[in-house]
Amino acid sequence: MALKSWLAERLPLDFLRRFTHEQLTEPQPRHVNWLHTLGFTALLLFTVQLGTGMLLLFYYKPGAATAYSSVQFITEKVTLGWFIRQLHVWGATFIVSAVFLHILRVFFSGAYKKPRELTWMVGVGLFLVTMLFSLTGYLLPWDQVAYWGTVVATDSTKEVPLLGNFILRLVRGGETVSDLTLTRFFALHVSLLPLALLALLGLHLFLIRYHRIAPLTRTDQPQPDDEQLRAAGARPYYPDHFKKEALVAYSVLALLVIVAFTVKPHLGQAANPLVTPEGIKPEWYFLPVYQSLKYVPGWLGVLGNGAFVLFLLVLPLLDRNPERHPKRRKFATWAGIAIIAGAIFLGVLGHLSDTTREIFGKKIYFDIKGVPKVLGESGASE
């Protein structure tokens, strides 16, 4: 009791108790479903990445002469080092998937509209930071795939009008991918990006709690209060929705553990700037951008992708339709479906491009733009 009284004089315990009670008993609109668990799932995955990343830092040595051997040491010598590394590597894929699906849910439910425009913008910022985490972390093993994949990924920056060469040298630390590039990517990955992530995540969570879950009503209609939600059949956050969030998040975490135990991420030969391996491509979530630059090369392709990111960021300011329900926003709904289908199509083409596959007994070569060509017995196209 003495400790409780001592803490009560110094900490806002009553406020925290009331705040926690309000959050747990907050009525959830009836349309809240399993898709609304994706944000919590992404938050749990971020926590796993932070923990595994800190453990890897105990042994990882940044630098062209030490990075690859330190990753080998973690994988082969450190107790459970292979498992921690594989959790971290596959965790990146899980996070990108969870964040992407969460953004889609927010878009199709119109939850980015007034008064939640800033919540959406901060969420897009979190998505970009997530992608930068993946890009910078990709180079850290310093093997052939990581090295040449980074060469391919950073080459496009030189196409930016006027500032291209400056940005390329800023990112790489010179004209080529080198020890300076690794140092800069490492600094971004373990210091600047985590700070940006925590700042944006804190603001995002605050805005979500401040504005609460978006209803499906029009933006020009008053948002229903708690009593109206309860009268319409809304259930409290705890235990109903909390159970859904916990079930989905920890099921995804269990799947991540299974994948980390069973699927070993690639670690090839140490990086060699003088030997270019075949078939170097970025991770699957960068493939649509990678493939699009083949059709619209040069500065137009780079600016086009940049314009799409800007469009995504300011979408709430451009979409003036007061409707939120996807059935009453048919143009936006079908436009979103078309963009997703286009991204998947580009990703598949990027995966198939510059490879030879055997389909229905015939060898088919997909050229750099993904166009299939049937090969004869001699290997020449028919």
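What this report covers is the structure whose coordinates are included nearby. Here the structure is a predicted model, which is why all the values come from computation and not from measurement. Here, residues in each chain are numbered from 1, in the same order as that chain's written sequence. Reporting in this predicted model follows two pLDDT cut-offs: at least 70 for local features of residues, and 80 or more for side-chain atom pairs to be given and counted; totals over whole chains, interfaces and linings ignore these cut-offs and use all residues. As a rule here, side-chain values cover all heavy atoms of the structure and leave hydrogens and water aside.

**Focus: the packing of aromatic side chains**
At step 1: Only Phe, Tyr and Trp rings are paired, with Trp represented by its six-membered ring, and only when their centres lie within 6.5 Å; those with planes under 30 degrees apart are stacked, over 60 edge-to-face, the remainder tilted. Enumeration over the complete set of coordinates arrives at 16 aromatic pairs.
At step 2: Considering the side-chain rings of W284 and Y285, the 5.1 Å spacing of their centres and the 75 degrees angle between planes classify their relative orientation as edge-to-face.
At step 3: Burial classification: accessible surface area is computed with a 1.4 Å probe over protein chains only, and a residue below 20% of its type maximum counts as buried, one above 50% as exposed, and the rest as partly exposed. Its relative accessible area of 44% is what places W284 among the partly exposed residues.
At step 4: Ring pairing ties together the aromatic residues F107, F108, Y112 and W120, which thus form one cluster.
At step 5: Two limits define a charge over a ring: the Lys NZ or Arg CZ must be within 6 Å of the ring centre, and within 35 degrees of the ring normal. Above the face of the F107 ring, R329 is positioned so that its terminal group lies 5.6 Å from the ring centre.

**Brief notes about the sheet that holds strand β5 (residues 372-374)**
At step 1: Each pair of strands is called paired provided DSSP finds at least two bridges between the two strands. Only DSSP runs of H or I with at least four residues qualify as helices, and only runs of E with at least two residues qualify as strands; both kinds are numbered from the N terminus onward. With antiparallel pairing, three strands are arranged side by side in an open sheet as β3-β4-β5. If you trace the sheet from one side to the other, it starts and ends with β3 (355-359) and β5, each paired once. Averaged over all adjacent pairs, the angle separating strand axes in this sheet is 35 degrees, with direction ignored. What counts as an axis is a line fitted to C-alpha atoms, over the stretch in contact for a helix, and the angles between N-to-C directions run from 0 to 180 degrees.

**Description of the pairing of strand β4 (residues 362-366)**
As a general feature of sheets, a regular strand has side chains that alternate between the two faces.
At step 1: As paired strands, β3 and β4 are joined by five bridges and run antiparallel to one another. The residue of β4 that forms the bridge with T355 is F366.
At step 2: Taken together, β3 and the strand that follows it, β4, pair antiparallel across an intervening segment of two residues, in which F360 is found at a positive phi of about 55 degrees.
At step 3: The pairing of β4 with β5 spans three bridges and is antiparallel. Its bridge partner being in β5, I364 is matched across the sheet by V374.

**A short note on the side chain of T181**
At step 1: On the secondary structure map, T181 appears in helix α9 (residues 179-211).
At step 2: Apart from the residues within four sequence positions on either side, T181 is in contact with L139, V171, R172 and T176. Note on contacts: a residue pair is in contact if any heavy atoms of the two residues lie within 4.5 Å.

**Some points on unusual backbone geometry**
At step 1: The peptide bond linking K114 to P115 adopts the cis configuration, its omega dihedral lying at 5 degrees.
At step 2: Residue placement: P115 occurs in the loop between α5 (81-108) and α6 (117-139).
At step 3: A cis amide bond links Y238 to the next residue, P239, at an omega of 10 degrees.
At step 4: Examined against the element boundaries, P239 turns out to sit in helix α11 (residues 237-262).
At step 5: Although it is not a glycine, W142 adopts a positive phi angle of roughly 60 degrees.

**Digging into a nonpolar patch on the surface**
At step 1: Each patch is assembled from residues with relative accessible area greater than 30% and no salt bridge, linking like charges that lie within 9 Å and nonpolar side chains (Val, Leu, Ile, Met, Phe, Trp, Tyr) that lie within 5 Å. The Shrake-Rupley method, run with a 1.4 Å probe, gives the accessible areas here. Residue values count only the displayed protein chains as cover. Basic side-chain nitrogens of Lys or Arg form a salt bridge, by our definition, when they fall within 4 Å of a carboxyl oxygen of Asp or Glu. The grouping of L128, F308, V309, F311, L318 and I339 at the surface amounts to a nonpolar patch, some 490 Å² of accessible area in total.
At step 2: By the element assignment, L318 lies in helix α13 (residues 298-318).

**A closer look at the packing of α5 against α6**
At step 1: For the pair α5 and α6, interaxial distance at closest approach is 10 Å and the crossing angle is 160 degrees. Here α5 lies roughly antiparallel to α6, going by the angle between them. α5 and α6 meet at a crossing whose hand is left-handed. Facing A92, I95, V96, V99, F100, I103, V106 and F107 of α5, the residues of α6 in contact are W120, F127, T130, M131 and S134. Relative orientations are named as follows: roughly parallel for angles under 35 degrees, roughly antiparallel for angles over 145 degrees, roughly perpendicular for angles from 65 to 115 degrees, and oblique for any other angle. Handedness of a crossing is defined here by the sense of rotation of the near helix relative to the far one, left-handed for an anticlockwise turn of less than a right angle and right-handed for a clockwise turn.

**A closer look at the environment of L118**
At step 1: Examined against the element boundaries, L118 turns out to sit in helix α6.
At step 2: By relative accessible area, L118 is classed as partly exposed at 46%.
At step 3: L118 sits 256 residues away from V374 along the chain, and the two C-alpha atoms are 51 Å apart.

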